Every structure is written in structure tokens, then in C-alpha cells.
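Structural features, examined
Residue strings, one per chain:
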Amino acid sequence: MQETSQCLEKLGRHSWKNAIFYGSYLTIFGVFLIYVASTMDIDAGKLQVIGVTASNTWGLFLLVLLLGYGLVDIPRRQWHDSKRGHKLSEVYFKVAKLSTEKSEAEEGLEDVLEDIKKQLNQFVTTSLL
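This report concerns the structure included in the present document. (Residues numbered from 1 in each chain as written. Predicted model: local features only at pLDDT ≥ 70, side-chain atom pairs only at ≥ 80, totals over all residues. Heavy atoms only, no water.)

Topic: the pattern of salt bridges
What counts is decided by this rule: Salt bridge, as used here, is a side-chain nitrogen of Lys or Arg placed within 4 Å of a carboxyl oxygen of Asp or Glu. Secondary structure follows DSSP: runs of H or I at least 4 residues long count as helices, runs of E at least 2 residues long count as strands, and numbering of each begins at the N terminus.
For the structure on display, the rule yields seven salt bridges. Residues R13 and E9 are paired through a salt bridge, measuring 3.7 Å at the closest nitrogen-oxygen approach. In this pair, R13 and E9 both sit in helix α1 (residues 2-39), four residues apart, roughly one turn of the helix. In this structure, E106 and K102 form a salt bridge, with 3.0 Å as the shortest nitrogen-oxygen distance. In this pair, E106 and K102 both sit in helix α3 (residues 84-128), four residues apart, roughly one turn of the helix.

Dropping the structure here:
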């Protein structure tokens, strides 16, 4: 049940991100379309040029954006990974989180086992009657 809600939450969050991504692409295409419509007549060939131009513009913009992020984030991550204290505190946090999840799972398992034992005892007493 919890996994389903997490899956739906992720689906909604990523759908929103995709809507932003493609919405910006459509905005760029719309701007180029309005520009060409106001300056000259539009035919199929010019519409294709607009599509290619918008696609290339969007691709180059995304490339610069992601390349800039990668040029900053990858060395920062390697720098943080090289610091033992930082990595150790990160691992301690992960271990504490996993330990809590393990304890909750064990409690859930004990509850299920108790329910099974109750059902089994109830089944045995009703079948003997």
C-alpha cells in the first residue's frame, strides 16, 4: 500500500517536471512561430525550419545547462567523497535510517505473525467443534 502511494507520488512529481520541460520547449516554439508569422508568410517549408530552429535552440540551451551543472556538481561530489568525516557522517545517517526501517519492518512482521497465530488457533478450535 505504501509502495503504491510512493509510486503515485513519484509519478505525479515526474509528470510535473516533464510538463515544465516540454512546456518550455513549446514556449520557445511558440515564440519562433509568432516571430515568423509577424514578419513573413508561413508555409510548410518555413514551418519545418522553425521546428528545427526551436529544437536546436532548446537542445543547445539544455546542453549548456546540464554541462554547467555537471562541471560543478561532479567535482564537488568527488571532493565531498574524498573527505572521510563527511563520508562517515553520510554513512552514519544512512545506517540510522536503515536501522529504523528494519525495526519497523520487524515490528510489522511480529504483528502479522501474531495475527496468523490467532487465526490458526481460531481455525483449530472451530474445526474441532
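Having seen the model, we can carry on.
Describing a negative patch on the surface
The condition that has to hold: Patches were defined on residues exceeding 30% relative accessible area and lacking a salt bridge, with like-charge contacts within 9 Å and nonpolar side-chain contacts (Val, Leu, Ile, Met, Phe, Trp, Tyr) within 5 Å. In short, Shrake-Rupley with a 1.4 Å probe defines the accessible areas, and a residue's cover is counted only from the protein chains shown. Charged residues are defined narrowly, with Lys and Arg counted positive, Asp and Glu counted negative, and His plus the chain ends left uncounted. Charge positions come from single atoms, namely NZ of Lys, CZ of Arg, CG of Asp or CD of Glu. Each residue gets one of three labels from its accessible area relative to the maximum for its type: buried under 20%, exposed over 50%, partly exposed in between, using a 1.4 Å probe on protein chains only.
Together, E101, E104, E107, E110, D111, E114 and D115 make up a region of like negative charge exposed at the surface. Relative to the helices and strands, E101 resides in helix α3. E101 sits in the partly exposed class, given a relative accessible area of 40%.

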